[in-house]
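Per-entry structural report
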Amino acid sequence: MKAKGVSFILFLLCMTLFYACSRQKSVFTQQNAPHHFKELKTVEALLETDPSSAADSLLALRKMASTHPFTTFDANELLLREVQAQYKNRSLSEQSPDLLPVIAFYDSVAGQYPEDSELQFLRANAYYYKGVEYSFVQDDVKAFSYYLYALSMMKSQEAVSSQESRFIALIYTRLSEILYRYGLQESAFETCQKASSFYESGPDLAAMKRFEAAIYQSQKQYDKALACLQDAEKLGTVSDDLFQLVIGVKYYEIQQFDSAVPHLEQAFLKGDRYARVDAAVKLAEVFREKGMSEEELSYTRYYVENAMMETRMASKKMEIEYLFDEFNHPKTDPASSKEDKGTSSLIVSLFLLLVIVFMAYIIVRNRKRINHIENKITTIVLKHEQESADKDHEIEQMSQVLNDTIELLDNQRVDFNEAWNTFSNSHIVSKIRQSVEGKDIMIKNVGVYPKLKLKEMDYISLVQEANHCFPDFSSRFLKDYSDLNVADLRHCCLGMLGMNDAEIAVLEGISYSGANRRTNKILSAMNRGDNLEQAVIGYLKDIL
C-alpha cells in the first residue's frame, strides 16, 4: 500500500510538472485567437517607416472588420493601431477612439499570460498612446501618469529589442518634456539623459542634445548649453535660432548691448517659455539703460504674465512632482495593519494640510511679487524723469571717471612684446591660423573655401582675447575711429594676424573685392602704415 501511495503521488507530481511546462506562455500566435496576425504585424512595421501607407492598410482592415467581425484580440489591436496611425500622421483629434477599453482588455489578458513579452509591449503601447490622447487635450497630469504606467511595464521586461528600446526612449522623452514645462529641471535632465541612453540614431541623439541645451539655458548655464548645441551640430543639422540666446547673452555679458539686442529679440520671438523670459529680462534691462521706456514696459509685462502663469500651474506641478517621486521611490511596506489605519489617516490629513498651507504661501508670495512689479511699472515714468534731471551730473561724473581711468592706464602700461606673444599663442588665434595654413588662397579662388568662414562665437572669442591682451582695445579703437564699426574692428583683428585680403575674404565669407574695400577704408581712417598689419600693430603700440 505504501509503495502504491508513493507511486500515485509521484504520478501526480509528474503530471503537474508536465502541465506547467506545456502551458502556453504566449497568447499572440497565428494558431491562437488573433486571426489577422500577419496583417497587423505588417501595419506595425509600416507605422515606423511609412505612416501614410499604414493608415491606408488600417482603413482596409476596418472595412474587412465591418463585414467579417474580428476576434476580440484583433479588434483591440486594430483600435490601438488606428490611434497610433492618427498620431503618426498628425491627425489625432478629440474624436479619436478612446483607448480605455483596449487598456482594460490587455490588463485582463496580461494576468493570464504574464510572461508574454509581446503582450506586455502592446499593453505598454496602449497606455502610452492614452497618455498621448491626454496630452492632446492638455491634461498633463493624466498624461504623465499614463506615461509612467507604460514605462513601468517596459522596465519589467528583461530582453529589450531595438524597437522596444526606442519606445522606452520615447516614453522618457515625453516625461522629460512635461517635467521641463513645469519647471522641474533636475528631473527633466535626469529623464533626458535616460532617453539618450536608449536612442541609437544620430537625429534622435541630436534632438536630446538640443533639449539638454534648453534645460541648461533655463538654469542660466550658458556655456554648458553652448557645448550641448555644438555636440548636437556634430550629430545633425541645428537651426541658428537655437544659438540666439547664448550669443545674445555673451554680448550682454561684455556689455556690447547693440550687438546683443538682435540676438535676444530673436530668442524672445522663437525660443521656448524659459528662453523668452530670460531674453525679456535682459532686453528690459538694456532698454532701461537706453531710456526707451515703451520697450522696457513691453518686456516687463511679459515677465509679469509669465509669473501669473506659473502661479496657475503650481498645483499641477506639485501633482506631477509627487507622481514622479512616487515612481522613483515606490513604497516597499506591506499592507498596513488595522492598528495603523488611524495613524495613516492622520498622516494623510497632515500632508493635505501642509499642501494647502504651501499653496496659500505660493499664492500670497506671487501676489506680492505681482503687486511689486505693477507698482514698479506705474512709477517707471517718474523714475525716468528723475534720471533725466540727474543726467548732466552723471555725465560729468562719468567723464571724470574716464579721465581717471585713462590716466591710470597711462601709468600702468603693458609691455607690448609680452602682450603680443600671449595673443599670438592663444587658442583662438592658433585655430584661425591653422584653418588657412597650407592653403594657397588667391584672389581668384576665394570662393573655393566656403567652410573656412568663421562662426559668430569665433569672432567673439577673438575680440575678447584682443581685449584681454591689450586692455580696452575694442572700445578705444571704436572711440578713436568713429567712422569704423564692429565689423571693421573684426576685420582689423584678422589683419593684424598677418592675413592678406584673400585670406580675410575667405574667413569672413565675402568676396575679395569686398575685403579689399574694407581694408582701404580702415587704412584711410587710421592714416598710418602701408598695410593693415602695420597700421593696427602701430596703433596697439601707441595705446599701451
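This write-up is about the structure you can find in this document. (Residues numbered from 1 in each chain as written. Predicted model: local features only at pLDDT ≥ 70, side-chain atom pairs only at ≥ 80, totals over all residues. Heavy atoms only, no water.)

Another aspect to go through is the overall build of the protein. Counting secondary structure elements, the protein contains 26 helices and zero strands. Buried residues in the protein amount to 41% of all 544 residues. Sequence separation of at least 24 residues holds for 65% of the intrachain contacts in the protein that already meet a minimum separation of 6. Put simply, the protein shows about 31,200 Å² of open surface, and 54% of that area lies on carbon and sulfur atoms. (Helix = DSSP H or I, 4+ residues; strand = E, 2+ residues; numbered from the N terminus. Buried < 20%, exposed > 50% of the residue type's maximum accessible area, 1.4 Å probe, protein only. Contact = heavy atoms within 4.5 Å. Areas by Shrake-Rupley, 256 points an atom, 1.4 Å probe, with all protein chains shown as cover.)

Glancing now at the packing of aromatic side chains. Any aromatic ring pair is given by two values, namely how distant the centres are and how the planes are angled relative to each other. Applying the stated criterion across every chain yields a total of 28 aromatic pairs. Their ring planes at 90 degrees and their centres at 5.4 Å tell us that phenylalanine 121 and phenylalanine 167 sit as a pair that is edge-to-face. Remark: phenylalanine 167 occurs in helix H8 (residues 162–181) and phenylalanine 121 occurs in helix H6 (residues 117–136); sequence separation between them is 46 residues. The pair formed by phenylalanine 121 and phenylalanine 167 is uniform in burial state, with each residue classed as buried. (Phe/Tyr/Trp six-rings, centres within 6.5 Å; stacked < 30°, edge-to-face > 60°.)

Another aspect to go through is helix H10 (residues 202–218). Helix length check: H10, at 17 residues, gives a terminal C-alpha distance of 25 Å against a target of 24 Å (1.5 Å per residue), a fit within 8%. All buried positions along H10 are accounted for by Asp204, Ala206, Met208, Phe211, Glu212, Ala213, Ala214, Ile215, Tyr216, Gln217 and Ser218. Once H10 finishes, lysine 220 follows within two positions and takes phi at roughly 65 degrees, a positive value. (Expected span 1.5 Å × (residues − 1).)

Here helix H7 (residues 140–155) contains 16 residues, and its C-alpha end-to-end distance of 22 Å stays within 8% of the 22 Å for a straight helix at 1.5 Å per residue. Most of H7 is tucked away, with twelve of its 16 residues classed as buried. Taken together, the buried positions of H7 are occupied by Asp140, Val141, Ala143, Phe144, Ser145, Tyr146, Tyr147, Leu148, Ala150, Leu151, Met153 and Met154. Considering only its buried residues, H7 is in contact with helix H5 (100–112), H6, H8 and helix H15 (293–328).

So, about the nonpolar core. Ranked by size, the top nonpolar core spans 57 residues in total, and within it Tyr128 and Ile171 carry the most contacts. Aside from chain neighbours lying at most four places away, what touches isoleucine 171 is Tyr128, Tyr147, Ala150, Leu151 and Met154. By size, the runner-up hydrophobic cluster in this structure holds 46 residues, among which are Val436, Cys492, Leu494 and Ile537. (Core = buried A, V, L, I, M, F, W, Y, C linked by side-chain atoms within 4.5 Å.)

Let's shift gears to the pattern of salt bridges. By the definition in use, this model includes 24 salt bridges. Aspartate 98 serves as the salt-bridge partner of lysine 130, at 2.6 Å between the closest nitrogen and oxygen. Note that lysine 130 is positioned in helix H6 and aspartate 98 in the loop between helix H4 (72–88) and H5, a separation of 32 residues in sequence. Classification of lysine 130 by relative accessible area gives buried; the value is 7%. Its relative accessible area of 37% is what places aspartate 98 among the partly exposed residues. (Salt bridge = Lys/Arg side-chain N within 4 Å of Asp/Glu carboxyl O.)

We now examine unusual backbone geometry. A positive phi angle is found at arginine 90, which is not glycine, with a value near 60 degrees. Tracing the backbone through its elements, the reader meets arginine 90 in the loop between H4 and H5.

A cluster of nonpolar residues, Tyr322, Val348, Phe351 and Leu352, forms a patch on the protein surface that exposes about 400 Å² of accessible area. Examining the composition of the nonpolar patch, we find that three residues originate from one element, helix H16 (residues 338–378), more than from any other. With respect to the secondary-structure elements, phenylalanine 351 resides in helix H16. (Patch = residues over 30% accessible without salt bridge, like charges linked within 9 Å, V, L, I, M, F, W, Y side chains within 5 Å.)

A word on the packing of helix H3 (residues 51–67) against H4. It is at 10 Å that the axes of H3 and H4 come closest, and there the two elements cross at 150 degrees. Classified by the interaxial angle, the pair formed by H3 and H4 is roughly antiparallel. In this structure, H3 meets H4 at a crossing whose hand is left-handed. The segment H3 lies against H4, with Pro51, Ala55, Leu58, Leu61, Arg62 and Ala65 engaging Leu78, Leu79, Arg81, Glu82, Ala85 and Lys88. Split into classes, the residues belonging to the contact of H3 with H4 amount to eight nonpolar, no polar and four charged. (Axes fitted to C-alpha atoms, helices over the stretch in contact; angles between N-to-C directions. Parallel < 35°, antiparallel > 145°, perpendicular 65-115°, else oblique. Left-handed = near helix turned anticlockwise from the far one by under 90°. Nonpolar A, V, L, I, M, F, W, Y, C, P; charged D, E, K, R; others polar.)

Right, let's get into the side chain of glutamate 133. Its location among the elements puts glutamate 133 in helix H6. Ignoring sequence-local partners within four residues, the contact set of glutamate 133 consists of Val83, Leu92, Ser96, Pro97, Asp98 and Leu99.

Turning next to the packing of helix H9 (residues 185–198) against H10. Running from N to C, H9 and H10 point in directions that differ by 165 degrees, and their axes come no closer than 10 Å. For the element pair H9 / H10, the angle class is roughly antiparallel. Taken as a pair, H9 and H10 cross one another with a handedness that is left-handed. For the pair H9 and H10, the contacting residues are Gln185, Ala188, Phe189, Cys192, Gln193, Ala195 and Ser196 in the first and Leu205, Met208, Phe211, Glu212, Ile215, Tyr216 and Ser218 in the second. Here the residues of the contact of H9 with H10 are counted per class, giving nine nonpolar, four polar and one charged.

None of the figures reported here should be taken as evidence of function without further support.
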